[in-house]
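# Report on the structure
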Amino acid sequence: MTTMTPRIKDPIPELLRDACGRSTCRNVRLGAVIETPGGEHVLGWNGPPGRAGSHPSCRVGGAISPKNIRDCPGVHAEVRAICRAAEAGTRIAGGTLYLSEWFPCAPCAVAMIEAGIRRLVVTEELNYLKDDCYNFRLAQEYLARAGVEVKVRPAIFRRRPGQALRSRPSPSRRGSVRGLPIRP
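Below is a summary of the structure that appears in this document. Just so it is clear, the structure is predicted and the values come from calculations on it, not from any experiment. Residue positions are given per chain, counted from 1 along the sequence in the order it is written. Two thresholds apply to this predicted model, a pLDDT of at least 70 for residue-level local features and 80 or more for giving and counting side-chain atom pairs, whereas whole-chain, interface and lining totals are computed over all residues. Side-chain measures here rest on the full set of heavy atoms in the structure, leaving out hydrogens and waters.

## Things to note about the pattern of salt bridges
Basic side-chain nitrogens of Lys or Arg form a salt bridge, by our definition, when they fall within 4 Å of a carboxyl oxygen of Asp or Glu. In this structure the tally under the stated criterion is six salt bridges. Here E14 and R17 are joined by a salt bridge, their closest N and O atoms 3.6 Å apart. On the criterion of helical spacing, the pair formed by E14 and R17 is a turn pair, its members being three residues apart in helix α1 (residues 12–21). Only protein chains enter the accessibility calculation, which uses a 1.4 Å probe. A residue is then buried if its area is under 20% of the maximum for its type, exposed if over 50%, and partly exposed in between. The class for R17 is buried, based on a relative accessible area of 18%. Of the charged contacts in the structure, one is a salt bridge between E149 and R119, with a shortest N-O distance of 3.9 Å. Taken as a pair, E149 in strand β5 (residues 149–152) and R119 in strand β4 (residues 119–122) lie far apart in primary sequence, 30 residues in all. The class of R119 is partly exposed, set by a relative accessible area of 24%. A single network of salt bridges, built from pairs that share partners, joins R119, E149 and K151. Helix and strand labels come from DSSP, where a helix needs a run of H or I of at least four residues and a strand needs a run of E of at least two; each type is numbered from the N terminus.

Below, the structure is given as structure tokens:
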């Protein structure tokens, strides 16, 4: 008699889609998921602080430059996930952070290190194209020095057909989404 073990579906791709869908950024929708050592999941997304609402500096599309990054009021997805975990009292030290796109900027890498994240899973190799804005080199250096394991897993997240990387959020999504971490 042969026993079949049921295949367990990886929840991370769907959680990353959910996080991106909550993004309130008018330029690029990004998502983050922290998986705690205990198997809990905390979502983060980019955009202005939810409790403060939209900001006149929010821009619609256009090239990313040091000046418009300086004026951007947005919270990065990694930092929002860390803050949401702290607000909910969810311990994330020793956990894994998954990103839907890109590589963490230097301030997000430092926040991840301070929060005790031990593993980072990204969807693409590090690209220095926007390094003048985000300082990816310094982020990569800090993560390596802190012993954070970085894995590239392109198949973890693919946008669905018609799901835009750059888009304007609907009015109902702007600054209105809050909530507790998603638990298994």
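## Structural notes on the nonpolar core
We call a set of buried Ala, Val, Leu, Ile, Met, Phe, Trp, Tyr and Cys residues a nonpolar core when their side-chain atoms join them within 4.5 Å. I34, I92, L97, F103, M112, L120 and L143 are the most contacted members of the largest nonpolar core, which totals 30 residues. Of all the secondary structure elements, the ones that give two or more residues to this core are β1 (31–35), α3 (77–88), β3 (96–99), α4 (106–115), β4, α5 (131–134) and α6 (136–145). Considering every element that reaches this core, the biggest residue donor is α4, with five residues. Counting residues in hydrophobic clusters, the runner-up holds twelve residues, among them A19, C20, V121 and F157.

## Notes on the pairing of β3
Neither face of β3 is open: one carries T96 and Y98, the other L97 and L99, and all of them are buried. Two strands form a pair only when DSSP identifies at least two bridges running between them. For β1 and β3, the ladder comprises four bridges, and the chain directions are antiparallel. Within β3, the position partnered with E35 by the bridge is T96. As judged from the three bridges shared by β3 and β4, these two strands associate in the parallel manner. Across the sheet, Y98 pairs through a bridge with V121, a residue of β4. For the crossover from β3 across α4 to β4, the handedness is right-handed. Crossovers are marked right-handed if the path from the first strand over the helix to the second runs clockwise, as seen with the strands pointing away from the viewer.

## A few points about the sheet that holds β3
Overall, mixed pairing links the five strands, which are arranged β2-β1-β3-β4-β5 in an open sheet. Looking at the sheet topology across the chains shown, the edges are occupied by β2 (41–45) and β5. Sheet twist, expressed as the mean angle between neighbouring strand axes with direction ignored, is 20 degrees. A fitted line through C-alpha atoms represents every axis, and for helices the fit uses only the stretch in contact; the resulting angles, taken between N-to-C directions, go from 0 to 180 degrees.

## A closer look at unusual backbone geometry
A positive phi angle, near 60 degrees, is found at W102, a position not held by glycine. With respect to the helices and strands, W102 occurs in the loop between β3 and α4.

## Things to note about the packing of α3 against α4
The packing of two helices is summarised by the inter-axis angle and the distance between the axes. Put simply, α3 and α4 touch, their axes get as near as 9 Å, and they point 25 degrees apart. If you check the angle between α3 and α4, you find them roughly parallel. The element α3 and its partner α4 pack so that their crossing is left-handed. Side by side, α3 and α4 meet where E78, V79 and I82 of the first sit next to C108, A111, M112 and A115 of the second. Residues are grouped as follows: Ala, Val, Leu, Ile, Met, Phe, Trp, Tyr, Cys and Pro are nonpolar; Asp, Glu, Lys and Arg are charged; all remaining types, including Gly, are polar. Broken down by class, the residue content of the contact of α3 with α4 amounts to six nonpolar, no polar and one charged. Roughly parallel covers angles under 35 degrees, roughly antiparallel covers those over 145, roughly perpendicular covers 65 to 115, and oblique covers all other angles. Each crossing is labelled by how the near helix is turned from the far one, with a counterclockwise turn of less than a right angle marking it left-handed and a clockwise turn marking it right-handed. Whether two residues touch is decided by their heavy atoms; if any such pair falls within 4.5 Å, the residues are in contact.

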